[in-house]
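Descriptive analysis of the structure
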Amino acid sequence: MAGRQIYDITGHHLPMTPKFTAGVNASHTFRFGNGYELVPWLNVKWQDKMYFTLRNLDNPHISDGQEAYATIDASLSLQSPSFWRAELYVLNATDKMTKNWADDAGGFIRAYWNDPRTVGLRVRFDY
């Protein structure tokens, strides 16, 4: 162990294990007399603070943790009675920037971040 610093991790949280998480999905299909279907969908997820390493670095300059956060995804889908479907969606509606992974890189923290707010339209044709 020459040249290696030993860290006391007594009482630290395990990596990638938030204490609490909660999520809610809701959707409903509205059927119309002409055969069309309208389906709104909502997903809300909340996650407690977590760390990505056993070191639990938590200071303003170097942190391997992710603060508690919530994300919201939603869509509105229209299904025709014939052969097409269209869906308008938004992912990460609040545009919250969160870490998905982080690690000590010798004096700084490197991390991967989630995608920013994404808005799109999906169209499907069955043939």
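Above this text you will find the structure in question.
Residues numbered from 1 in each chain as written. Predicted model: local features only at pLDDT ≥ 70, side-chain atom pairs only at ≥ 80, totals over all residues. Heavy atoms only, no water.

**Concerning unusual backbone geometry**
Heads up, the rule is: Think of it this way: any DSSP run of H or I at least four residues long counts as a helix, any run of E at least two long counts as a strand, and we number them from the N terminus. A simple rule labels every residue: compare its accessible area, found with a 1.4 Å probe on the protein chains alone, to the largest value its type can have, and call it buried under 20%, exposed over 50%, or partly exposed in between.
For Met 16, which is not a glycine, the phi torsion comes out positive at approximately 60 degrees. Along the chain, Met 16 turns up in the segment before β1 (21–27). We note that Asp 95 has phi near 55 degrees; this positive angle belongs to a residue other than glycine. In this fold, Asp 95 is placed in the loop between β7 (84–91) and β8 (99–104). With relative accessibility at 38%, the residue Asp 95 sits in the partly exposed group.

**Let's talk about a nonpolar patch on the surface**
Operational definition: Residues form patches when they are more than 30% accessible in relative terms and have no salt bridge. Like charges link within 9 Å. Nonpolar side chains (Val, Leu, Ile, Met, Phe, Trp, Tyr) link within 5 Å. Per-residue accessibility takes into account occlusion by the displayed protein chains alone, with areas from the Shrake-Rupley method and a 1.4 Å probe. We define a salt bridge as a contact between a side-chain nitrogen of Lys or Arg and a carboxyl oxygen of Asp or Glu at a distance within 4 Å.
Together, Leu 76, Phe 83, Leu 88, Val 119, Leu 121, Val 123 and Phe 125 line one region of the surface with nonpolar side chains, adding up to about 710 Å² of accessible area. For the nonpolar patch, the leading source of residues is strand β10 (residues 118–125), giving four residues. On the secondary structure map, Phe 83 appears in the loop between β6 (69–79) and β7.

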